[in-house]
Amino acid sequence: MLEIKKEIDKLIADLTKYNYSYHSKDESLISDEEYDHLFKKLIDLETRFPQYKNPQSPTQKVGFQPLKEFTQATHFIPMLSLNNIFSDMEETTQTVRHQELIQFDKRVNDTLEATASYVATPKYDGVAISLIYIKGILHQGITRGDGFIGEDVTLNIKTISNIPKVIHITPLPELLEVRGEILIKTEDFANLNINQDRLGLKIFANPRNAAAGSIRQLDSNITATRPLYFFAYAITQIVTDTKFTTFYEQLLYLKKIGFDIGDLPKECKDSQELISFYEDILAKRNNIPFGIDGVVYKVNNIAAQEKLGFVLRAPRFAIAHKFPAQMRESQIIDIQIQVGRTGALTPVARIKPVTVGGVVVSNATLHNQDEILRKDIHIGDFVFVRRAGDVIPEIVNVIIEKRSTNAIKFVMPENCPVCGSHLVKAEDEAIIRCSGGLYCSAQKKQAITHFASKLAINIDGLGEQIVEQLVENKLINTIVDIYKLTIEQLIDLERFGKKKANNLINAINNSKSTTLNKLIYALGIRNVGEATAKSLAKTFGTLENLMHAGLVELQQINDIGEVVAISINDFFSEEHNQDIINQLLNLGITYPINTSTSIFNPLVTGKTFVLTGTLTNYSREEAKTLIENLGGKVTSSVSKKTDYVVAGADSGSKLDKANALNVKVISEDEFKQLIA
Ligand code: IVH
């Protein structure tokens, strides 16, 4: 039984992590299918073992807390989620295949004691939004947030051209709340990424992340440049004399007052028609010009909807019928090992090219050795390949019946296939790493390529192939060597020549004036991506400050937890790295120092203060705010963990305790200097 509780707790922890990343950072850590699968597993366990039900479980909640950067807005009608059903695509008879749908319809009919009819619509893969109109004027746009409180993104919403800003209809509703989904159409998404790349900006993983990120911009001028599109799917509040008996009438009303409801919604009189709708939309999924991840069925009659009501996080009158992940059959031609920048060995399957969800796939990641063993993958096997959203294609399973006797079992090498160094495996990780570090030419080349890449130091023309050539010709061995290259050395290389050599040297020289965030990112510190590099640059202002930052100071920064802080600390503690950085700075790499953005004060950030006695220049509250603004903390009692006791006039027992514990005591003047 304890095992079950452990499993439930683990599922809750994992799903909460994925949820947080998805809702607060607009980033997917796993595919939607994987998420749904885990979510379903958790619901099953919680239903079977209700004694382990936990109010913190994601099954009991919707979305995630709204971001604190936006003004919060309460939803008058909570923005709930939908329950999901799936179809078993392996089954051939429709009644078995769509069993979950048929059960849903039966539950609805049993409750209503009548035969329900429905409206079926696509399930748009975007961001949910609630729009409030007062006397016909767009008043507010609110994101879902945690379902009860969302973020007020009105200014951003107003930049979306197909959202009506004013409504004209008689009678004009006093109040109207429209719910729908903001998305980016497939073609617009492709163009957006081309543009982002051209401008050296972030490439979005998928249209949904791009839409979510665009809606939550603090600067609505940026939102205005994004090709956002709105589909309305429901009216949740309306104060008007117009009467509606069905949900479908409401959709038509929305259309009449200027909302796009799409041309796919359809009235269906029974579960058989819902099944046909599902099959039809699934078949044309790839030809629909925007992303959908399933269909939604809603009971059409409004009185019936009200009778069915809600359970905790979802309505009983509606359900989402999710599409299966896009899968195709192929064959594994070979398995090769890639050695990454951090030395991680990743087995990659080379497969016969197949089109999955509109994209040609010829490689699929096998993640690690455990995965190969678990899925029992052999070279020559026929397999199902899946591509889910932004995720790298992967092998779902082997079609064992088709395995030929020539299939070869794959074994991981005992040494690094590139440099021969021994391999290491951390106990709690499935990943095997080459221990060669920068001795390993695969790691070396990738570290240099990363350093030179666009979002890093940005040396135009120094891509993977040229780096390979320069390393092979022993012209560069570390990133520092890039800045020692001469035209003479390059000119005689194969496929070079005077012009290309000149261009490269110019690009190298140009890269010397950079920005601190690019430089930090370029160093290739493990776990430090572009966004983290930006936060570090902003907080610390100079490379020097960053190099001397301790674990506590680093963790004061939003998004930086223990693991990342340790990576940063380890990196800068390494003498070899300090040496490289000093050489880079000596060779003339510079960046503008922006002191105004630096909120870093190494003497205060991460430190714990106790205030005692009477201060003459500040009230206790003011002193506390000053310390907290600089990243410090104020507690009320002195302990060994206290860094400073600020002692004003007439200090009493706290001062004695500080002296007894050997805690540093400073006067008000010293405090003033400290925070200056
Ligand atoms: S109806 C009370 N209809 O899916 C009914 N939702 O997984 C509320 N979604 O929060 C939802 N397309 O953001 C509905 N045609 C559609 C939808 C749709 C996408 C989203 C919506 C909802 C989520 C639930």
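Scroll up a little and you will see the structure.
The rules we used
Residues numbered from 1 in each chain as written. Predicted model: local features only at pLDDT ≥ 70, side-chain atom pairs only at ≥ 80, totals over all residues. Heavy atoms only, no water. Helix = DSSP H or I, 4+ residues; strand = E, 2+ residues; numbered from the N terminus. Buried < 20%, exposed > 50% of the residue type's maximum accessible area, 1.4 Å probe, protein only. Contact = heavy atoms within 4.5 Å. Areas by Shrake-Rupley, 256 points an atom, 1.4 Å probe, with all protein chains shown as cover. Lys, Arg positive; Asp, Glu negative; His and termini not counted. Charge placed at Lys NZ, Arg CZ, Asp CG, Glu CD. Near = heavy atom within 4 Å. Polar contact = N/O pair within 3.5 Å; in protein donor to acceptor, adjacent residues only side chain to side chain. Nonpolar A, V, L, I, M, F, W, Y, C, P; charged D, E, K, R; others polar. Phe/Tyr/Trp six-rings, centres within 6.5 Å; stacked < 30°, edge-to-face > 60°. Lys NZ or Arg CZ within 6 Å of the ring centre and 35° of its normal. Pairing = 2+ DSSP bridges. Axes fitted to C-alpha atoms, helices over the stretch in contact; angles between N-to-C directions.

Enquirer: For the overall build of the protein, give the residues involved together with the corresponding values.
Expert: Each helix and strand counted, the protein has 26 helices and 26 strands in total. Taken along the three principal axes of its C-alpha coordinates, the protein extends 80 × 80 × 60 Å. In the protein, buried positions account for 48% of the 676 residues. Long-range pairs, those at least 24 residues apart, make up 66% of the contacts in the protein with a sequence separation of at least 6. If you sum the accessible surface of the protein, you get close to 34,400 Å²; carbon and sulfur atoms cover 51% of it. One finds the centroid of the 75 positive side-chain charges in the protein at a distance of 1 Å from the centroid of its 81 negative side-chain charges.

Enquirer: So, the site of the ligand: which residues are in play, and what are the values?
Expert: In the neighbourhood of the ligand, 13 residues make up the surrounding shell, with Thr121, Lys123, Tyr124, Arg144 and Glu181 lying closest. In the environment of the ligand, an oxygen atom lies 3.0 Å from a nitrogen or oxygen atom belonging to the side chain of Lys123. A distance of 3.0 Å separates a nitrogen atom of the ligand from a polar side-chain atom of Lys298. Those elements that provide at least two residues to the shell around the ligand are strand E3 (118–124) and strand E10 (292–299). The element that contributes the greatest number of residues to the shell around the ligand is E3, accounting for four residues. Of the residues in the shell around the ligand, the class split is eight nonpolar, one polar and four charged.

Enquirer: Any chance you could break down the packing of aromatic side chains for me, citing the residues and the numbers?
Expert: For the structure shown, the criterion picks out 15 aromatic pairs. Their ring planes at 45 degrees and their centres at 6.1 Å tell us that Phe104 and Tyr118 sit as a pair that is tilted. Placement of Phe104 in helix H4 (residues 99–112) and of Tyr118 in strand E3 is noted, with a sequence separation of 14 residues between them. Among the aromatic residues, those joined into a ring-pair cluster are Tyr124, Tyr229, Phe231 and Phe290. The cationic tip of Lys185 hangs over the ring face of Tyr229; the distance from NZ or CZ to the ring centre is 4.0 Å.

Enquirer: Please give an account of the environment of Val563 that cites residues and values.
Expert: Within the secondary structure, Val563 sits in helix H22 (residues 562–573). Residues Val563 and Leu42, 521 residues apart in the sequence, show an inter-C-alpha distance of 28 Å.

Enquirer: For the sheet that holds strand E25 (residues 644–647), give the residues involved together with the corresponding values.
Expert: The strands that make up a sheet are held in pairs by hydrogen bonds between backbone atoms, and each pair lies either parallel or antiparallel. What the four strands build is an open sheet, ordered E24-E23-E25-E26; its pairing is parallel. Each of the sheet's edge strands pairs with one partner strand only, and the pair in question is strand E24 (633–635) and strand E26 (664–666). Across the sheet, the mean angle separating the axes of adjacent strands is 35 degrees when strand polarity is ignored. Two elements, strand E23 (residues 608–612) and E25, share four bridges in a ladder whose sense is parallel.

Enquirer: How would you explain the environment of Ile275 if you had to name every residue and give the values?
Expert: Among the structural elements, Ile275 can be located in helix H10 (residues 271–284). In this structure Ile275 comes out as buried when scored by relative accessible area, which is 2%. Considering only alpha carbons, one finds Ile275 and Ile399, 124 residues apart in sequence, at a separation of 28 Å. Apart from residues lying up to four places away in sequence, Ile275 is in contact with Gln94, His98, Leu101 and Ile102.

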